[in-house]
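The residues making up each chain are set out below.
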Amino acid sequence: MDLNPWVLTAIAGGVAVAAPAARRRLELSAAKHRSLAGHPRISRWLAALIPNYEYDEHEFFRSDGAEPALAEQRRQGLQRLGAALAAKYPAGDTLNSAAEGGISDLQFINRNRVPFQYRGIVRAQLKGTAFLQSSSGVTLTDVDGNQSYDLAGSYGVNLLGYDFYKACIDRGIARVRELGPVLGAYHPVVADNVARLKRISGLDEVSFHMSGTEAVMQAVRLARYHSGRTHVVRFCGAYHGWWGDVQPGIGNPIPADTTYTLKDMDDATLRVLSRRKDIACVLVNPLQALHPNSAAPGDSTLVNSARSARFDQSAYRSWLERLRAVCTERGIPLIFDEVFVGFRLAPGGAQEYFGVRADLVTYGKTLGGGLPVGVVCGRASLMRRFDEDKPADVCFARGTFNAHPYVMASMNEFLVALEEQPELRALYAGLDDTWNRRAEVLNARLREAQVPVRVRNLATIWTVCYQQPSRYNWMLQFYLRAHGLTLSWVGTGRFIFSLNYSEHDFEEVMQRIVGAARDMATDGWWTTPPGLTNRAIQRKVLREMVRARIGLPPVNAAASPRTAAPLAAGAAAPCDRA
Ligand code: PMP
């Protein structure tokens, strides 16, 4: 059959029109990380399919196929640890139990401290508290009077020590008390903050917000307004607050259709940026340098020992330089989200530390001097919220509590100290050397103690990695707690140190970490049955999920003899819990 030349021409024309679009689509696919973190839509869909099931007292100790003697060793270890924690937190645990029902956030974090299969028994056996009474130096004191070293760092707010922030807040409030909580107008201290922030960021203008999430929302909205484009590029695994557009995966109930989640440190991403015309901005969280393309590590997802992290400053710097170049070439605003790392790596933040400038920078956390805040600094052309030629075309971004006098005064105390206190500047001198050395010494001690645990760090931001396949790494958080260390709800996923940790304090922390790991090894949690691999663990968990989905018990529980002695009174089987 002969095709009409007009038809052929039409097909050829169609292909010619479609080819660039198809190529752009393929380029976009190539720039997605192959992990689930690179596919937020699929990960949300899969998450909805995972059924709940929990191990009973038998399977809890044998989920890696341990022999009965090892399971018994673990059972006794759990009982000892449980008794130690119960004795430590009588008042704290009572308060926790009474308050949990009314605090949604506490319910959420208490459910997400360990992989869900182990949750019921852990919650029944291993007590703790979220209630604290005081802070001092690098320590915290809970409602039972236990003093512990703080490795949680108030989600990163605590950079310079709690006493420093208490003083910022007290002095700040004293300075603005006469004005009080008057909003809408500015206390004069705001002008000084703006001058200092412009100097620190190297940018032209500043806007004040109430949280890091809001600062990111504002930066992205401005980039969209000025570029006239729709899509936000974020990197695989990067956290930018809980706003929907920057949290396209699990956690956000609706799809974020105008967000591209692309591979960090990858040429395919640069290709996408250099070709697409719909990209409004690129968001970078420099913390990802510690674990590119992976989400922030937390112990609830520590199903095996696959967690990895390694910071390579020069590789990340050269990535940022290349990113900067393509953004400049294509007129795409580059946003550094320094809510976490700002002021933690260098007084001038990640821009100074990596030697790369952004068009917009968001700050938060420590900048409020201990009070809640979010800040955007940016080039004047991007910060303007109106169009001179179109009076009705504005970019709205206001908020009741923006530039609250108390927050502004406390922030000013922080900024003045940062710029003018020599002893504080001195803390930054050799910061990397100090914290890298501390990590090395701790790793040497862990090696000597023959425990399969190592730390990795980006300055004062640390994570724990595990050297041999295991299903029980998440238990370490409870041994650490028993040894007097306070962690955040992500457990060993992240330790955050403040710069005021002395050598003596750090020595104490090292001894406690090594002691905790030793105890955990003694109790048999890292004694691995032969042939266990991370892949084998993954496969087993997957099999269990499929079985649970169709109503069958976990694999081993069905197959092996049930010889474990019952746990002590108070240990409820998962199905007994309300
Ligand atoms: N961006 C980054 C990089 C963050 O680390 C965080 C908080 N962890 C946020 C944004 C959100 O800040 P906030 O919790 O103050 O809303």
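The structure displayed is predicted, hence computed values, not measured ones.

Definitions and cut-offs
- Residues numbered from 1 in each chain as written.
- Predicted model: local features only at pLDDT ≥ 70, side-chain atom pairs only at ≥ 80, totals over all residues.
- Heavy atoms only, no water.
- Helix = DSSP H or I, 4+ residues; strand = E, 2+ residues; numbered from the N terminus.
- Rg over C-alpha atoms; globule rule 2.2 N^0.38 Å.
- Buried < 20%, exposed > 50% of the residue type's maximum accessible area, 1.4 Å probe, protein only.
- Areas by Shrake-Rupley, 256 points an atom, 1.4 Å probe, with all protein chains shown as cover.
- Lys, Arg positive; Asp, Glu negative; His and termini not counted.
- Charge placed at Lys NZ, Arg CZ, Asp CG, Glu CD.
- Near = heavy atom within 4 Å.
- Polar contact = N/O pair within 3.5 Å; in protein donor to acceptor, adjacent residues only side chain to side chain.
- Nonpolar A, V, L, I, M, F, W, Y, C, P; charged D, E, K, R; others polar.
- Pairing = 2+ DSSP bridges.
- Axes fitted to C-alpha atoms, helices over the stretch in contact; angles between N-to-C directions.
- Contact = heavy atoms within 4.5 Å.
- Salt bridge = Lys/Arg side-chain N within 4 Å of Asp/Glu carboxyl O.
- Phe/Tyr/Trp six-rings, centres within 6.5 Å; stacked < 30°, edge-to-face > 60°.
- Domains from an automatic or database assignment.
- Buried area = accessible area lost by both parts, 1.4 Å probe.
- Parallel < 35°, antiparallel > 145°, perpendicular 65-115°, else oblique.
- Left-handed = near helix turned anticlockwise from the far one by under 90°.

Things to note about the overall build of the chain
Part 1: A count of helical and extended segments in the chain gives 21 helices and 16 strands.
Part 2: Taken over the C-alpha trace, the chain has a radius of gyration of 26 Å; the compact-globule value for 578 residues is 25 Å, and the two agree within 12%.
Part 3: Each principal axis of the C-alpha atoms in the chain carries an extent, and together these give about 90 × 80 × 45 Å.
Part 4: For the chain, buried positions account for 52% of its 578 residues.
Part 5: Surface accessibility of the chain: about 25300 Å² in total, with carbon and sulfur atoms responsible for 56%.
Part 6: Separation between the mean location of the 67 positive side-chain charges and that of the 56 negative ones in the chain comes to 6 Å.

Some remarks on the site of the ligand
Part 1: The environment of the ligand is formed by Ser211, Gly212, Thr213, Tyr239, His240, Gly241, Asn285, Asp337, Val339, Phe340 and Lys365.
Part 2: One of the side-chain nitrogen or oxygen atoms of Asp337 is found 2.6 Å away from a nitrogen atom of the ligand.
Part 3: For the ligand, whose unbound accessible area comes to 390 Å², protein coverage reaches 82%.
Part 4: The residue makeup of the shell around the ligand, split by class, is three nonpolar, six polar and two charged.

Considerations on the sheet that holds strand S10 (residues 374-378)
Part 1: Taking strand neighbours across the sheet as the criterion, the seven strands line up as S4-S10-S9-S8-S7-S5-S6 in an open arrangement whose pairing is mixed. With one partner strand each, in any of the chains shown, strand S4 (205-209) and strand S6 (259-262) form the two edges of the open sheet. Ignoring which end each strand starts from, the neighbouring axes of this sheet average 20° apart.
Part 2: In terms of strand pairing, strand S8 (residues 334-337) meets strand S9 (residues 360-364) through three bridges, oriented parallel. Paired with Phe336 across the strands is Val361, a residue of S9.
Part 3: Its contacts with the sheet place helix H9 (residues 189-201) against S4, S9 and S10, and it is angled at close to 120° to S4.

Points about the pattern of salt bridges
Part 1: Evaluated as defined, the whole model comprises 30 salt bridges.
Part 2: For Asp523, the salt bridge goes to Arg80, with nearest N and O atoms at 2.7 Å. Here Asp523, found in the loop between helix H19 (503-522) and helix H20 (534-549), pairs with Arg80, found in helix H4 (residues 68-88); they are 443 residues apart in sequence, far enough to count as distant.
Part 3: What makes Asp523 buried here is its relative accessible area of 6%.
Part 4: Of the residues examined, Arg80 reaches a relative accessible area of 48% and is grouped as partly exposed.
Part 5: A salt bridge links Arg199 to Glu419, with the shortest nitrogen-to-oxygen separation between them at 2.8 Å.

Some remarks on the environment of Asp56
Part 1: Of note, Asp56 is situated in the loop between helix H2 (40-49) and helix H3 (57-62).
Part 2: Expressed as a C-alpha distance, the spacing of Asp56 and Gly120, which sit 64 residues apart in the sequence, is 8.6 Å.
Part 3: In terms of polar contacts, Asp56 uses its side chain to reach the backbone amide nitrogen of Glu59, at 2.9 Å.

Points about unusual backbone geometry
Part 1: The phi dihedral of Asn293 falls on the positive side, at around 70°, and the residue is not glycine.
Part 2: Residue placement: Asn293 occurs in the loop between strand S7 (279-284) and helix H12 (313-330).
Part 3: Positive phi, close to 50°, is recorded for Ala459, a residue that is not glycine.
Part 4: Relative to the assigned elements, Ala459 resides in the loop between strand S13 (453-458) and strand S14 (461-466).

Quick word on the packing of aromatic side chains
Part 1: Scanning the entire structure with this criterion turns up 31 aromatic pairs.
Part 2: Considering the side-chain rings of Phe311 and Tyr353, the 6.4 Å spacing of their centres and the 20° angle between planes classify their relative orientation as stacked. Here Phe311 is found in the loop between S7 and H12, whereas its partner Tyr353 is found in helix H13 (residues 349-354), with 42 residues between them in sequence. By the burial criterion, Phe311 is buried, and Tyr353 matches it.
Part 3: Each member of the aromatic cluster is reached from another via a ring pair, and the members are Tyr53, Tyr55, Phe60, Phe61, Phe116, Tyr118, Tyr472, Trp474 and Trp525.

Things to note about the domain arrangement of the chain
Part 1: Parsing the chain into structural domains produces domain 1 (57-159 + 430-522) and domain 2 (188-293 + 311-386).
Part 2: With centres defined by C-alpha atoms, the gap from domain 1 to domain 2 works out at 32 Å.
Part 3: At the junction of the two partners, domain 1 supplies 17 residues and domain 2 supplies 14 residues.
Part 4: The junction of domain 1 with domain 2 conceals about 1400 Å² of combined surface from both sides, 64% of it contributed by carbon and sulfur atoms.

A look at the sheet that holds strand S1 (residues 132-136)
Part 1: Taken together, four strands build an open sheet; the order of strands is S1-S2-S3-S15 and the sheet is mixed. Only two strands of the sheet have a single partner each, and these edge strands are S1 and strand S15 (485-486).
Part 2: Two strands pair when backbone bridges link them, and strand S3 (residues 147-150) and S15 are joined in this way by two bridges, in the parallel orientation. Counterpart to Tyr149 in the pairing with S15 is Leu485.
Part 3: Sheet strands touched by helix H8 (residues 162-176): S1, strand S2 (139-142) and S3. Its angle to S1, the strand with the most contacts, is close to 95°.
Part 4: Across the sheet, H19 touches S3 and S15, and the angle it forms with S3 is around 100°.

Describing the side chain of Asp278
Part 1: With respect to the element layout, Asp278 can be found in the loop between helix H11 (267-275) and S7.
Part 2: Among all residues touching Asp278, those that are not within four sequence positions of it are Arg229, Thr230, His231 and Tyr260.

Some words on the packing of H11 against H12
Part 1: Between H11 and H12, whose axes approach to 9 Å, the crossing angle comes to 15°. It follows from the interaxial angle that H11 and H12 lie roughly parallel. Every pair of crossing elements has a handedness; the one defined by H11 and H12 is right-handed. Counting all contacts with H11, which are made through Asp267, Thr269, Leu270, Leu273, Ser274 and Arg275, the residues of H12 involved are Trp319, Arg322, Leu323, Val326 and Arg330.
Part 2: For the contact of H11 with H12, the per-class residue count stands at five nonpolar, two polar and four charged.

Topic: the environment of Leu442
Part 1: Locating Leu442 in the fold gives a position in helix H17 (residues 431-448).
Part 2: Judged by relative accessible area, Leu442 falls into the buried class, the value being 0%.
Part 3: Between the C-alpha atoms of Leu442 and Val455, which are 13 residues apart in sequence, the distance is 7.7 Å.
Part 4: Leave out the neighbours within four places in its chain, and Leu442 touches Val455, Trp462, Met510, Ile513 and Val514.

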